[in-house]
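# Report on the structure
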Amino acid sequence: MENENSIYPFLNSELARKYFANTDFALKQGRHIQDYGNDHKLFVFVDEYYDKGLQTYYENFFGMKLKREEADRYRYYFLHFPEDSKGKFGVENRSKELEDDRLIFGILLLNLYKEKFFEKKEILWQELEQIFKEGEHKELWQQLLYGKLKPNYSPGEEAEVKNKIVKILKNFEDLGWVCFINQEEIHFEILTSIDRISKLYGDIINDVENLKAYFTNEQLS
């Protein structure tokens, strides 16, 4: 144990006794830890011990890389899973775990984050609704969201779409990409780590024809 403590000095720390278990669980669930909200204390722990044995610990014991990325001068941490996988887009990387419909929605949030360069990154349902019903690609969004194009949609259809979007946003909240301000009103903040989508899926984001083909042939689940 003494030798392990010298290799992994974070094991001796008071911060580890307080926060390592929760941090480890969050990272293994795919969460991106950043200096925000309830993750602040976990971030302080990872930020302090990233180069003091924590990175080595995950590589030696689990074969996973604890990665540090930065966007807009803010750091965030996550575990990179190296196993191969392949989805409909032909992406050969286990870390590219998003289902295709969630990827499309993630790209939308990434673009909204970048557009709000000098603003708060908060999004209201009304802003999303305007994109879906009045935006440049409204027909594609309606096909994806509702599965069909109509002049108007029933209250039931509208409610079903809202439920689907909340489900996706809750998944993104678990990943540490967004944070709900008011879930019932679909009011949320996009967090810095949404930038990870651009690193994981840059090839897809730049393939406009591929995205359009997906929009046309698929439906949000």
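Here's a quick rundown of the structure. Each chain has its residues counted from 1, following the order in which its sequence is written. The predicted nature of this model means local features are confined to residues of pLDDT at least 70 and side-chain atom pairs, given and counted, to a pLDDT of 80 or more, with totals for whole chains, interfaces and linings taken over all residues. Calculation of side-chain values draws on the structure's entire complement of heavy atoms; hydrogens and water are dropped beforehand.

### A look at the pattern of salt bridges
By definition, a salt bridge exists where a carboxyl oxygen of Asp or Glu is found within 4 Å of a side-chain nitrogen of Lys or Arg. For the coordinates displayed, the defined rule picks out 15 salt bridges. For Lys28, the salt bridge is made with Asp24, and the minimal N-O distance between the two is 3.2 Å. One end of the pair, Lys28, and the other, Asp24, are both in helix α2 (residues 14-28), four residues apart, so they sit about a helical turn from each other. By relative accessible area, which is 31% here, Lys28 ends up partly exposed. For every residue, the accessible area (1.4 Å probe, protein chains only) is compared with the maximum for its type, and the residue is labelled buried under 20%, exposed over 50%, or partly exposed between those bounds. Of the residues examined, Asp24 reaches a relative accessible area of 14% and is grouped as buried. Residue Lys65 pairs with Glu59 through a salt bridge whose shortest N-O separation is 3.1 Å. The way it works is that DSSP assigns letters per residue, a run of H or I at least four long becomes a helix, a run of E at least two long becomes a strand, and they are numbered from the N terminus.

### Topic: the sheet that holds strand β6 (residues 187-190)
A pair of strands counts as paired when DSSP detects no fewer than two bridges linking them. Spatial strand order, β4-β6-β5: three strands in an open sheet with antiparallel pairing. Both edges of this open sheet fall to β4 (122-123) and β5 (178-182), since each of them pairs with a single strand only. As paired strands, β4 and β6 are joined by two bridges and run antiparallel to one another. Paired with Ile123 across the bridge in β6 is Phe188.

### Some thoughts on the side chain of Glu69
As for its placement among the helices and strands, Glu69 is situated in strand β2 (residues 65-71). No salt bridge is formed by the buried Glu69; its nearest oppositely charged neighbour, Lys199, is found at 4.2 Å. Those residues in contact with Glu69, other than ones at most four positions away along the chain, are Tyr74, Arg75, Tyr76, Phe78 and Lys199. When charges are counted, Lys and Arg are positive and Asp and Glu negative, with His and the chain ends excluded. Any two residues whose heavy atoms approach within 4.5 Å at even a single point are treated as in contact.

### A closer look at the pairing of β6
Of the two faces of β6, the one carrying His187 and Glu189 and the one carrying Phe188 and Ile190 are both buried. Direction of pairing for β5 relative to β6: antiparallel, over a ladder of four bridges. Bridge pairing in β6 places Val178 opposite Ile190. Here β5 folds back onto β6 in antiparallel fashion, the turn holding four residues, of which Ile186 has a positive phi close to 50°.

### Topic: the pairing of β2
In this structure, β2 lies alongside strand β3 (residues 74-80), joined through seven bridges in antiparallel fashion. If you follow Lys67 over to β3, its bridge partner there is Phe78. Between β2 and β3, which pair antiparallel one after the other, the connecting turn spans two residues, and Asp72 there sits at a positive phi close to 50°.

### Some thoughts on the nonpolar core
Burial of nonpolar side chains together is a common tendency in soluble globular proteins. Put simply, buried Ala, Val, Leu, Ile, Met, Phe, Trp, Tyr and Cys residues joined by side-chain atoms within 4.5 Å make one nonpolar core. Residues Phe105, Leu109, Leu128, Phe132, Ile165, Leu169 and Phe188 are the most contacted members of the largest nonpolar core, which totals 36 residues. Taken together, the elements giving at least two residues each to this core come down to α4 (100-115), α5 (125-134), α6 (138-146), α7 (155-175), β5, β6 and α8 (196-200). With nine residues, the single largest contributor to this core is α4. With near-sequence residues (within four places) excluded, Leu169 lies in contact with Phe105, Leu109, Val178, Phe180, Ile186 and Phe188. In terms of nonpolar packing, the next biggest core, distinct from the first, is built from 22 residues, Phe10, Phe20, Phe43 and Phe45 among them.

### A look at the environment of Lys164
Note that Lys164 resides in helix α7. For Lys164, a relative accessible area of 12% translates into the label buried. Sequence separation between Lys164 and Leu145 is 19 residues; the distance between their C-alpha atoms is 8.5 Å.

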